[in-house]
Amino acid sequence: MTAEPVQKATSWPMPPQDGYTVDDLFRLPGLPPHTEMIDGSLVFVSPQRDFHSLSVDLLVGGLRRTVPGMLRVKREMTVVLTRQTAPEPDLMVLRAEAVTSRRQSRYEAKDVVLAVEVVSPESEERDRDTKPRKYARAGIPHFWRVETTGDDRPVVYVYELDPATATYAVTGIHHDQLKLSVPFTIDIDLTEIDRL
């Protein structure tokens, strides 16, 4: 006769049969910071690397210098795409009227003008494939993907939404200077990361 293995109690939340909803994401106690929801599943984010943090700082600073008054720049805030998908872009630009309170913890996709993801080793597939497809289907007009180069500087892949296909088309790849006229005038020296 063999003994049954002892089952350890876990503190991990047990998902409902049909998956979580966005409302669950904001009600579940004890979730780690920056938890995302993709297709009704919770995604826990690994700790950031220095490149990731510095790239976000560089882009937030550059965007805030030139963002028009009717837009706002936010970092690491949840954007609701569907009932079961609410990722947290590394940064986004959204319509100012969407910001209604300093207690806000989420924004709607219809208010987002630009979503930006800085690719990390643990999030490559989500940042390169899953999230851009979902952002495009939600109608977010602009998307940037930021990768590291061999010299640990950012390279920014810029995409614009093709509304006929609800997919993104690449409009540029920027290495040392990110200079754009849409969604507004942007001029960011990417080599500034060396001084941060």
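Source: prediction; values computed, not measured. (Residues numbered from 1 in each chain as written. Predicted model: local features only at pLDDT ≥ 70, side-chain atom pairs only at ≥ 80, totals over all residues. Heavy atoms only, no water.)

### So, the layout of surface pockets
Regions of empty space are outlined by a rolling probe, equal in size to a water molecule, passed over the atoms.
No. 1: In this structure, the largest pocket encloses a volume near 310 Å³.
No. 2: Lining the largest pocket are 21 residues, with Val45, Ser46, His52, Asp90 and Glu122 sitting closest to its centre.
No. 3: Secondary-structure elements contributing two or more residues to the lining of the largest pocket are β7 (112-118) and α3 (124-137).
No. 4: Tallying contributions element by element places α3 first for the lining of the largest pocket, with 3 residues.
No. 5: Tallied by class, residues from the lining of the largest pocket come to 5 nonpolar, 6 polar and 10 charged.
No. 6: Here the second largest pocket defines a volume of roughly 180 Å³.
No. 7: What lines the second largest pocket is simply Leu25, Phe26, Leu31, Pro32, His34, Thr35, Glu76, Met77, Thr78, Glu88 and Ser105.
No. 8: Partitioning the lining of the second largest pocket into residue classes produces 5 nonpolar, 4 polar and 2 charged. (1 Å grid on protein atoms, 1.4 Å probe; cavity = no way out; pocket = protein on both sides within 12 Å on 5 of 7 lines; lining within 4 Å. Points joined across faces, edges and corners; volume = space filled by probe spheres on them. Helix = DSSP H or I, 4+ residues; strand = E, 2+ residues; numbered from the N terminus. Nonpolar A, V, L, I, M, F, W, Y, C, P; charged D, E, K, R; others polar.)

### Considerations on the pattern of salt bridges
No. 1: Counting across every chain of the model gives 17 salt bridges.
No. 2: Of the charged contacts in the structure, one is a salt bridge between Glu76 and Arg75, with a shortest N-O distance of 3.8 Å.
No. 3: Sharing partners across several salt bridges, the network here consists of Glu36, Glu117, Asp127 and Lys131. (Salt bridge = Lys/Arg side-chain N within 4 Å of Asp/Glu carboxyl O.)

### Quick notes on the side chain of Glu88
No. 1: Inspection of the secondary structure assignment puts Glu88 in the loop between β4 (78-80) and β5 (91-95).
No. 2: For the buried Glu88, which has no salt bridge, the nearest side chain bearing the opposite charge is Lys131, at an N-O separation of 7.7 Å.
No. 3: Polar contacts involving the side chain of Glu88 include one to the side chain of His34, which spans 2.5 Å.
No. 4: Residues within four places of Glu88 in sequence aside, it is in contact with His34, Glu36, Glu76, Met77, Thr78, Glu117 and Lys131. (Buried < 20%, exposed > 50% of the residue type's maximum accessible area, 1.4 Å probe, protein only. Lys, Arg positive; Asp, Glu negative; His and termini not counted. Polar contact = N/O pair within 3.5 Å; in protein donor to acceptor, adjacent residues only side chain to side chain. Contact = heavy atoms within 4.5 Å.)

### Describing the nonpolar core
No. 1: Judged by nonpolar contacts, the single largest core of 26 residues is most densely connected at Leu59, Leu63, Trp144, Leu178, Ile186 and Ile188.
No. 2: Looking at this core, the elements that each hand over two or more residues are α2 (50-66), β3 (71-75), β5, β7, β8 (142-148), β9 (154-162), β11 (177-180) and β12 (186-189).
No. 3: The element best represented in this core is α2, accounting for 7 residues.
No. 4: When sequence neighbours within four positions are dropped, the list of residues in contact with Ile186 reads Leu63, Thr66, Trp144, Leu178, Lys179 and Leu180. (Core = buried A, V, L, I, M, F, W, Y, C linked by side-chain atoms within 4.5 Å.)

### A look at the packing of aromatic side chains
No. 1: According to the stated counting rule, one finds 4 aromatic pairs in the structure shown.
No. 2: When the ring of Tyr135 is compared with that of Phe143, the centres are 5.8 Å apart and the planes differ by 45°; the resulting orientation is tilted. Here Tyr135 and Phe143 have matching classes, each one buried.
No. 3: Aromatic pair Phe143 and Tyr168: ring centres 5.6 Å apart, planes at 25°, arrangement stacked. On the criterion of sequence distance, the pair formed by Phe143 in strand β8 and Tyr168 in strand β10 (residues 167-174) is long-range, its members being 25 residues apart.
No. 4: Relative accessible area serves as the criterion here: at 1%, Phe143 is assigned to the buried category.
No. 5: The exposure class of Tyr168 is buried, given its relative accessible area of 16%.
No. 6: A network of ring pairs unites the aromatic residues Tyr135, Phe143, Tyr159 and Tyr168 as a single cluster.
No. 7: The residue whose ring lies beneath Arg106 is Phe26, and the NZ or CZ to ring-centre distance is 4.1 Å.
No. 8: The positively charged end of Arg145 is found above the aromatic ring belonging to Tyr157, 4.2 Å away from the centroid. (Phe/Tyr/Trp six-rings, centres within 6.5 Å; stacked < 30°, edge-to-face > 60°. Lys NZ or Arg CZ within 6 Å of the ring centre and 35° of its normal.)

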